[in-house]
Amino acid sequence: MGHEGPYLQLRPLGGGREWDADPARLRPLGPAELLSARVADANARSRTGLGLGDIRGSPDTDRAEDRGQ
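None of these values were measured; they are calculated from a predicted model.

A. Summary view of the overall build of the protein chain. Helix and strand counts for the protein chain come out as one helix and three strands. Along its sequence from the N terminus, the protein chain presents helices and strands in the succession β-β-β-α. Within the span of the protein chain, comprising 69 residues, buried residues form 6% of the whole. The long-range share in the protein chain, meaning contacts at least 24 apart out of those at least 6 apart in sequence, stands at 5%.

Okay, structure coming up:
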């Protein structure tokens, strides 16, 4: 999140195009909204294969050269 003049520049959690938002009209996410956004992001990553490099045994980390073969 950044700012340009009197506006804040926001971007979706999963990336994408920024937009300008009036700070007076913003509010923090509630717990249910935050959980929903994080679950949606995790689901999108699981569908596209993003984030697999951190999981032991995933195709990205379980290559032959990593096993010493």
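B. How the structure looks around the pattern of salt bridges. Evaluated as defined, the whole model comprises three salt bridges. Two residues, R27 and E33, come together in a salt bridge whose shortest N-O distance is 2.8 Å. E33 sits in the partly exposed class, given a relative accessible area of 35%.

C. Inspection of the confidence of the model for the protein chain at higher detail. Scored by pLDDT, the protein chain comes out at a mean of 76, with 61% of its residues at no less than 70. Averaged over each element, pLDDT in the protein chain is lowest for strand 1 (residues 2–4) (59) and highest for strand 3 (residues 19–21) (92).

D. Focus on the environment of G15. The residue G15 is located in the loop between strand 2 (7–10) and strand 3 in this model. On a C-alpha basis, the gap between G15 and D41 in space is 9.9 Å, while along the polypeptide they are 26 residues apart.

About the thresholds
- Residues numbered from 1 in each chain as written.
- Predicted model: local features only at pLDDT ≥ 70, side-chain atom pairs only at ≥ 80, totals over all residues.
- Heavy atoms only, no water.
- Helix = DSSP H or I, 4+ residues; strand = E, 2+ residues; numbered from the N terminus.
- Buried < 20%, exposed > 50% of the residue type's maximum accessible area, 1.4 Å probe, protein only.
- Contact = heavy atoms within 4.5 Å.
- Salt bridge = Lys/Arg side-chain N within 4 Å of Asp/Glu carboxyl O.
- pLDDT = per-residue confidence, 0-100.

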